[in-house]
Every structure is written in C-alpha cells, then in structure tokens.
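Reading the structure
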Amino acid sequence: MTIIIYHNPACGTSRNTLAMIRQSGEEPEVIEYLKTPPSRATLVDLLTRMGIRPRELLRQKGTPYAELDLGNVKKTDDELIDSMMEHPILINRPIVVTPLGVKLCRPSEVVLDLLSNTDIGDFTKEDGEVVPARKKAR
C-alpha cells in the first residue's frame, strides 16, 4: 500500500501520525511540506479528495494568518489557496494519503481510518495520551 504523509517534524500531531503509520507496518513517503510544498494543483486535488474547503485547511497558530487577514469571510477560496502557496506554514498538517482516502489527521488517531492494518496495539502519544488498540477488518 502506498502512503504519503505531508509532514512537519516540528509538529507533535504529525510525529504521532507518522509513528502510527509505521507501527501499522507501513513505511510512508514522507513529504516535509515546508521544505517541499505541494504544487497548487496538488493542493487543490488534496482539498477535493478530503472534501473540504481551503478555509478548513488553514492553520492559524504560529502562522501569518492574522497578519494576512485570512479570517475575513470575504476572502475567496482562490485567495486562501494563494496564501497557502506563498506561506506553506498555513497548510494544516498532517495530511495523509492512502488508497483508502485522504484526510487531515487531527487528532492523529484519525489516520487509523486510512490504514488497512489498524491492529497497532495501544499507542501512546508523545504527550502520554493512550490511543486504545483498535482492530478493524478490511
């Protein structure tokens, strides 16, 4: 199974998601999107496949969100995408792509909906929160 994670190694949720994928027995293609941002076409495709609008993918904390007035409801989807292309830190993470779908994995255990092997046992996040084992037949 091919898995891609748009990852920020400085983000705990992203690190937890990557660890859960690896614990499932898969080694994903890791794209550090701050170093290698997706093209506009790829970003639009990801949004379409996730079934969300650009505003739902915007990250506010630790970004130029306020300075760029991105909370302004008059901003169009194209303007929001333009801002994400110019400032990739505005793209929330991690985004995971598998044959089972594409999702923004916040919280990190959302990734289990995208894995063929969800039998990873109990998983302890970096902050100590335990995600109980989940077995799902596929």
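Just so we're clear, the structure is a prediction, and the values are computed from it rather than from any experiment.

What counts and what doesn't
- Residues numbered from 1 in each chain as written.
- Predicted model: local features only at pLDDT ≥ 70, side-chain atom pairs only at ≥ 80, totals over all residues.
- Heavy atoms only, no water.
- Helix = DSSP H or I, 4+ residues; strand = E, 2+ residues; numbered from the N terminus.
- Rg over C-alpha atoms; globule rule 2.2 N^0.38 Å.
- Buried < 20%, exposed > 50% of the residue type's maximum accessible area, 1.4 Å probe, protein only.
- Contact = heavy atoms within 4.5 Å.
- Areas by Shrake-Rupley, 256 points an atom, 1.4 Å probe, with all protein chains shown as cover.
- Lys, Arg positive; Asp, Glu negative; His and termini not counted.
- Charge placed at Lys NZ, Arg CZ, Asp CG, Glu CD.
- Salt bridge = Lys/Arg side-chain N within 4 Å of Asp/Glu carboxyl O.

1. Focus: the overall build of the chain
Counting its regular elements, the chain contains 4 helices and 6 strands. Listing every helix and strand of the chain by position from the N terminus yields β-α-β-α-α-α-β-β-β-β. Relative to a compact globule of 138 residues, whose C-alpha radius of gyration would be 14 Å, the chain shows 15 Å and is just as compact. Dimensions along the principal axes, computed over C-alpha positions, put the chain at roughly 45 × 30 × 25 Å. Buried residues in the chain amount to 43% of all 138 residues. By sequence separation, contacts in the chain at least 24 residues apart represent 56% of the contacts at least 6 residues apart. As displayed, the chain has an accessible area near 7,200 Å², and 49% of this comes from carbon and sulfur atoms. Each charge class in the chain can be summarised by its mean position, and for the 19 positive and 20 negative side chains these summaries are 2 Å apart.

2. Description of the environment of Leu34
Inspection of the secondary structure assignment puts Leu34 in the loop between strand E2 (29-32) and helix H2 (40-50). Once the C-alpha coordinates of Leu34 and His7 are considered, the two residues, 27 residues apart in sequence, prove to be 8.3 Å apart.

3. Some points on the pattern of salt bridges
Tallied over the full model, the rule gives 11 salt bridges. Across the pair Lys103 and Asp113 runs a salt bridge whose closest N-O atoms are separated by 3.3 Å. Taken together, the residues Lys103 in strand E4 (residues 101-104) and Asp113 in the loop between E4 and strand E5 (123-124) connect sequence positions 10 residues apart. When its relative accessible area of 27% is taken as the criterion, Asp113 is described as partly exposed. Among the salt bridges present, the one from Lys125 reaches Glu129, with a minimum N-O distance of 3.5 Å. Judged by its relative accessible area of 9%, Lys125 is buried. A single network of salt bridges, built from pairs that share partners, joins Arg40, Asp78 and Asp82.

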